[in-house]
Amino acid sequence: MDALTPNPSLYNVPFRTEQFNGMPYRRLGKTGLRVSQIGLGTWKIGLPETGDGSRVGEKAAFALFDRALELGVTFWDTANRYNFGSGNSERVIGRWLKANPGHRRDIVLATKLFGGMDGTTPNHSGLSRANILDSVDASLARLQTDRIDLLYFHGYDPDTPVEESLSAVEDLVRSGKVRYFAVSNFTVAQLEQYRLAGAPFSARCPIAAVQNQFDLLDGESSERPGVLDYAAANGISFIAWSPLARGLLTERYLDPAAVGPGDRRYDEGDADVPANTRAKLRRLHELAREWGMALNQLAMAYMLTLPGMGPIIPSSSTVEQLESNAAAATIVLGEEQRQRVREVLSGGADGIG
């Protein structure tokens, strides 16, 4: 069907909408860009047969991507460094995009740069103009696309002037290779430094989001406290990495005997869960069951109510996990429910106190 031929399937397209395929969307920071409330983290996706340490190969990944689109899970998060710096997460996404060119605009694609990639000289890492421009070109080649919807700095670089890094991003925005800008693993002080130094660039590349560690059990990283509050106060979307606490906030860890080889935490030697944490998990699971949802769904539905919180980007190894995660976006918790969750997390009257 060419551009001049009417497409009956589009006759009833609404003038505007805040959802897609049943998935609610929310604004990214102060921008006009909308992203699915539940996204897809792709650090597990790669080419396991190459020894890159990934857990989901291309065939399974394509099934995940296909189903994600059907569910409206269209905010996909990757990084050039994922899977031992192989670039294979980006490569697999790129192969899907090449096979599905008509859906490129449906996907809000985010990737990151900073760590050593594509080489081992000192200029193959950091936030110099040279590495930023080269890394973006390399990511675009792997992703087989002409633009990155959201580009993250994957870390803070104390050795490069902030103005140099931001001017490179501004040039990428002007060229159309990058559309929006974000940072990851930043402290409040580093965010404030970027805000103050970035005034000349803020019109074209303000920080739209910050991706830091956060989950209900531990909150923010002790190394980067206060970022969620800073994000809420400054109109930045906080995007949590490892929102399910590396799998803890799922049913699989409720029974220690069920955890074994092939499980991420077990394989990483971190499957022992403290008794206090396990008690919280059991109580949260009881609440979730009382309210007709899964533990992972309760955790993410609650996170979506926190001021400053942006989209949630859990990873999924199976279509079933993806479907369960996506369902969290449509759960609306009442104030009484949120209070009961807070009491469990604090160990209060309704918790393990």
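Here, every reference points to the structure presented above.
Here we take up the side chain of T31. Position of T31 relative to the elements: it lies in the loop between β2 (23–27) and β3 (34–36). In terms of polar contacts, T31 uses its side chain to reach the backbone carbonyl oxygen of L28, at 2.7 Å.

Take the sheet that holds β2 next. With respect to topology, 3 strands assemble into an open sheet ordered β1-β2-β3, the strand pairing being antiparallel. Looking at strand neighbours, the two that pair on one side only are β1 (19–20) and β3, the edges of this open sheet. Sheet topology note: the β1/β2 ladder contains 2 bridges and is antiparallel. Looking across to β2, one finds that Q19 is bridged to P24.

With that out of the way, let us pick up unusual backbone geometry. Trans peptide bonds make up the majority, and among non-glycine residues the majority have a negative phi. Of note, the phi angle at N21 is positive, near 50 degrees, even though the residue is not glycine. Tracing the backbone shows N21 in the loop between β1 and β2. For F84, which is not glycine, the phi torsion reads 60 degrees and is therefore positive. For F84, the location among the structural elements is in helix α2 (residues 82–85).

Note that D149 resides in strand β7 (residues 148–153). On the basis of relative accessibility, which here comes to 7%, the residue D149 falls in the buried class. A polar atom in the side chain of D149 sits 2.8 Å from the backbone nitrogen of L109. When near neighbours in sequence (up to four residues on either side) are disregarded, D149 contacts R104, I107, V108, L109, R179 and Y180.

Another point: the packing of helix α5 (residues 162–175) against helix α6 (residues 188–197). With their axes 10 Å apart at the nearest point, α5 and α6 run at an angle of 70 degrees to one another. The orientation of α5 relative to α6 falls into the category roughly perpendicular. Our pair here, α5 against α6, has a crossing hand that is right-handed. Counted together, V162, E163, S165 and L166 of α5 and Q193, Y194 and A197 of α6 form the full contact between these two elements. Tallied by class, the residues present in the contact of α5 with α6 amount to 4 nonpolar, 2 polar and 1 charged.

Right, let's talk about helix α7 (residues 227–234) for a bit. Taken together, the buried positions of α7 are V227, L228, Y230 and A231. Around the axis of α7, the buried residues are gathered within 160 degrees of arc, so they sit on the same side. Seen from the open side of α7, the exposed residues pointing more than 90 degrees away from its buried face are D229 and A233. On its buried face, α7 is in contact with α6, β9 (207–215), β10 (219–220) and β11 (237–241).

Reading the values: the criteria
Residues numbered from 1 in each chain as written. Predicted model: local features only at pLDDT ≥ 70, side-chain atom pairs only at ≥ 80, totals over all residues. Heavy atoms only, no water. Helix = DSSP H or I, 4+ residues; strand = E, 2+ residues; numbered from the N terminus. Polar contact = N/O pair within 3.5 Å; in protein donor to acceptor, adjacent residues only side chain to side chain. Pairing = 2+ DSSP bridges. Buried < 20%, exposed > 50% of the residue type's maximum accessible area, 1.4 Å probe, protein only. Contact = heavy atoms within 4.5 Å. Axes fitted to C-alpha atoms, helices over the stretch in contact; angles between N-to-C directions. Parallel < 35°, antiparallel > 145°, perpendicular 65-115°, else oblique. Left-handed = near helix turned anticlockwise from the far one by under 90°. Nonpolar A, V, L, I, M, F, W, Y, C, P; charged D, E, K, R; others polar. Arc of directions from axis to C-beta.

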